[in-house]
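# Survey of secondary and tertiary structure
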Amino acid sequence: MILVIKNWLDFVRNHRFLFLLMMLAQLVSVLCIYFVYGVFQNNLYMLLEGEHDNYRLAASFSDETNLPVKELAQKMTEEWGLDIDFLYLTAQDAKGNEFQDRFEYADCQYRYSQSVEKNVLGDMEGRFPSADEYASGKKVVVINGEQKGEIGGQIRLAGETYTVIGINRANVSKEYEMPFTAFPASSHVNYLSVSLKNLPTRADYERFADELSGFGAAVEDFAVANHEDVKKQHSLLLISVLLAILSGGNLFLVYCYIFRQRKENLVIFCLHGCTEKKARRMFFVEILFNMAVSVALALLVFLFFLYPVLSTWYEYLYRIYGVREYVMLTGIFVIITLLFGWVIAHKMTRLSLSDFRRGE
């Protein structure tokens, strides 16, 4: 350890410019890793803010429209290949009653969404419509918790008679659930959303918008994290790795030069019984020491100087950085630097000792 400290002090005294350059490069690399991660995550939070459902394509209809719901559901599933969780369709009558359906198309039949059904079991009494009732368009309804009526009874909605098969207390006044095939003839569709199991792409959105524009739909903006955004999110760690590799490459070049200057010292160590393994470990510890100093400085600079400034520019930064994130980002830099350090130490000790054995 004494030799390591002595070599490090000699390095600082005799190669001051290179030492400063190396430390500055490592310091900037760590700061860039922190900065890139935080800024991009902040942009993702901005993208996801509001009430946008990231797994949803949606459109509203202001005028009456003859929306071919069956054909549209089949096209999105079979032709477009969308992995649909469920479709949510609503219609209204002149009195403001809203008729809802959350259905899925699977195995060539329509039925109430199984995933939605699981989520509302605690508020539900009775049952939801069956696949046969979708196919026949039977007039059945799940009433809201405020509606007077009982399971098995009948109620009048938009001039038509419906049989009550369930009571969903999660719904409020004037909300009724029924098969879309049983919507009152006098009602008109005013909203359609498609909840997906995977994030939609820009191409999915454009197909959806083109298809529904012919029916006078106002399609919600594509303010979702699409697959391109996911690729960017996944590339954050890759960018951090690349920055660490660049820093490691700089470290490699600097230390190759420094260790070549120490060839005579290494020969003297060997004459006094220093083995190749011990010399390698000595060089590696010196590299590790320099890295630890640069990481500690970078963390202090970021926490006490950069972060207070950046937090005034990026509103979601306070959500992003935590102990786990600092450990993960610092760990990327440390691992890459240690790999380069091991390669440098191994390469230079072997070269120097080979030269010594040849008498050079």
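Data block above holds the structure.
Analysis parameters
Residues numbered from 1 in each chain as written. Predicted model: local features only at pLDDT ≥ 70, side-chain atom pairs only at ≥ 80, totals over all residues. Heavy atoms only, no water. Helix = DSSP H or I, 4+ residues; strand = E, 2+ residues; numbered from the N terminus. Buried < 20%, exposed > 50% of the residue type's maximum accessible area, 1.4 Å probe, protein only. Contact = heavy atoms within 4.5 Å. Areas by Shrake-Rupley, 256 points an atom, 1.4 Å probe, with all protein chains shown as cover. Pairing = 2+ DSSP bridges. Arc of directions from axis to C-beta. Polar contact = N/O pair within 3.5 Å; in protein donor to acceptor, adjacent residues only side chain to side chain. Expected span 1.5 Å × (residues − 1). Core = buried A, V, L, I, M, F, W, Y, C linked by side-chain atoms within 4.5 Å. 1 Å grid on protein atoms, 1.4 Å probe; cavity = no way out; pocket = protein on both sides within 12 Å on 5 of 7 lines; lining within 4 Å. Points joined across faces, edges and corners; volume = space filled by probe spheres on them. Nonpolar A, V, L, I, M, F, W, Y, C, P; charged D, E, K, R; others polar. Phe/Tyr/Trp six-rings, centres within 6.5 Å; stacked < 30°, edge-to-face > 60°.

Moving on to the overall build of the protein chain. Secondary structure summary: the protein chain contains eleven helices and eleven strands in total. Considering the protein chain as a whole, with its 360 residues, one finds that 46% of them fall into the buried category. Taking the contacts inside the protein chain whose residues are at least 6 apart along the sequence as the reference set, 76% of them involve residues at least 24 apart. For the protein chain, the exposed surface amounts to about 19000 Å²; the carbon and sulfur share of it is 57%.

Moving on: the pairing of strand β7 (residues 154–157). Only one face of β7 is buried: it carries Ile155 and Leu157, and the other face, with Gln154 and Arg156, is open. The loop that links β7 with its antiparallel partner strand β8 (residues 160–168) comprises two residues; one of these, Ala158, has a positive phi angle of about 50°.

Let's shift gears to helix α3 (residues 69–79). An α-helix turns once per 3.6 residues; consequently, residues spaced three or four apart project the same way. For α3, the set of buried residues is Val69, Leu72, Ala73 and Met76. What you see down the axis of α3 is that its buried residues fit within an arc of 100°, all on one side. Residues of α3 that are exposed and point over 90 degrees away from its buried face: Glu71, Glu78 and Glu79. In the core, the buried residues of α3 are packed alongside β2 (84–92), β3 (98–106), β4 (109–112), β10 (188–196) and α6 (202–213). Following α3 by one or two positions, Gly81 adopts a phi angle in the positive range, close to 75°.

With that out of the way, let us pick up the side chain of Arg111. Within the secondary structure layout, Arg111 lies in strand β4. With a relative accessible area of 18%, Arg111 lands in the buried category. A polar atom in the side chain of Arg111 sits 2.6 Å from the side chain of Glu104. Every residue in contact with Arg111, bar those within four places of it in the chain, is listed here: Phe103, Glu104, Ala106, Ala131 and Tyr134.

Attention now moves to the pairing of strand β1 (residues 56–61). Two elements, β1 and β10, share five bridges in a ladder whose sense is antiparallel. Bridge pairing links Ala58 to Ser193 in β10. Across three bridges, β1 lies against strand β11 (residues 217–219) in antiparallel orientation. By the bridge assignment for β11, Ala59 is matched with Val219.

Here α6 contains twelve residues, and its C-alpha end-to-end distance of 16 Å stays within 8% of the 16 Å for a straight helix at 1.5 Å per residue. The complete set of buried residues in α6 reads Asp204, Tyr205, Phe208, Ala209 and Leu212. Along the axis of α6, the buried positions cluster into a sector of 125°, meaning they face one direction only. Buried positions along α6 lie against β1, α3, β10 and β11.

Let us now look at the nonpolar core. Within the largest apolar cluster, 52 residues are counted, with the highest numbers of intra-cluster contacts made by Leu67, Met76, Leu89, Phe103 and Val141. In terms of residue count, β2 provides more of this core than any other element does, six residues in total. Among residues more than four places away in sequence, those in contact with Met76 are Gly81, Leu82, Ile84, Leu87, Val194 and Phe208. Formed by 17 residues, the second largest nonpolar core is a distinct cluster that contains Leu31, Tyr34, Val295 and Phe302.

Phi angles above zero are rare outside glycine, and Cys108 is one such case at about 65°. Along the chain, the position of Cys108 falls in the loop between β3 and β4. The exposure class assigned to Cys108 is exposed, which follows from its relative accessible area of 66%. Unusually for a residue other than glycine, Lys174 sits at a positive phi of about 70°. Relative to the helices and strands, Lys174 resides in the loop between β8 and β9 (175–177).

What follows is about the layout of surface pockets. Quantified by volume, the largest pocket comes out at close to 280 Å³. For the lining of the largest pocket, the secondary-structure elements that each account for two or more residues are β2 and β10. A per-class count over the lining of the largest pocket returns nine nonpolar, four polar and one charged. Approximately 200 Å³ is the volume attributed to the second largest pocket. If you go around the second largest pocket, you meet 13 residues; those closest to its centre are Ile84, Asp85, Glu104, Ala106 and Lys197. When contributions to the lining of the second largest pocket are tallied by element, the ones reaching two or more residues are β2, β3 and α4 (114–119).

This next bit is on the packing of aromatic side chains. Aromatic ring pairs are described here by two measures, namely the spacing of the ring centres and the angle between the planes. The tally for this structure, following the rule as stated, stands at twelve aromatic pairs. Taking the centre distance of 5.6 Å and the plane angle of 90° together, the rings of Tyr34 and Tyr326 count as edge-to-face. Of this pair, Tyr34 sits in helix α2 (residues 16–48) while Tyr326 sits in helix α11 (residues 323–358), and the two are 292 residues apart along the sequence. Taken together, the aromatic side chains of Phe103, Tyr105, Tyr110, Tyr134 and Phe180 make up a single cluster linked through ring pairs.

This paragraph deals with the side chain of Asn190. With respect to the helices, strands and loops of the structure, Asn190 is situated in strand β10. Asn190 gets classed as buried once you look at its relative accessible area, which sits at 15%. A polar side-chain atom of Asn190 sits 2.5 Å from a polar atom in the side chain of Thr90. Those residues within four positions of Asn190 in sequence are excluded, and the remaining contacts are Ala59, Ser60, Phe61, Thr90, Ala91 and Gln92.

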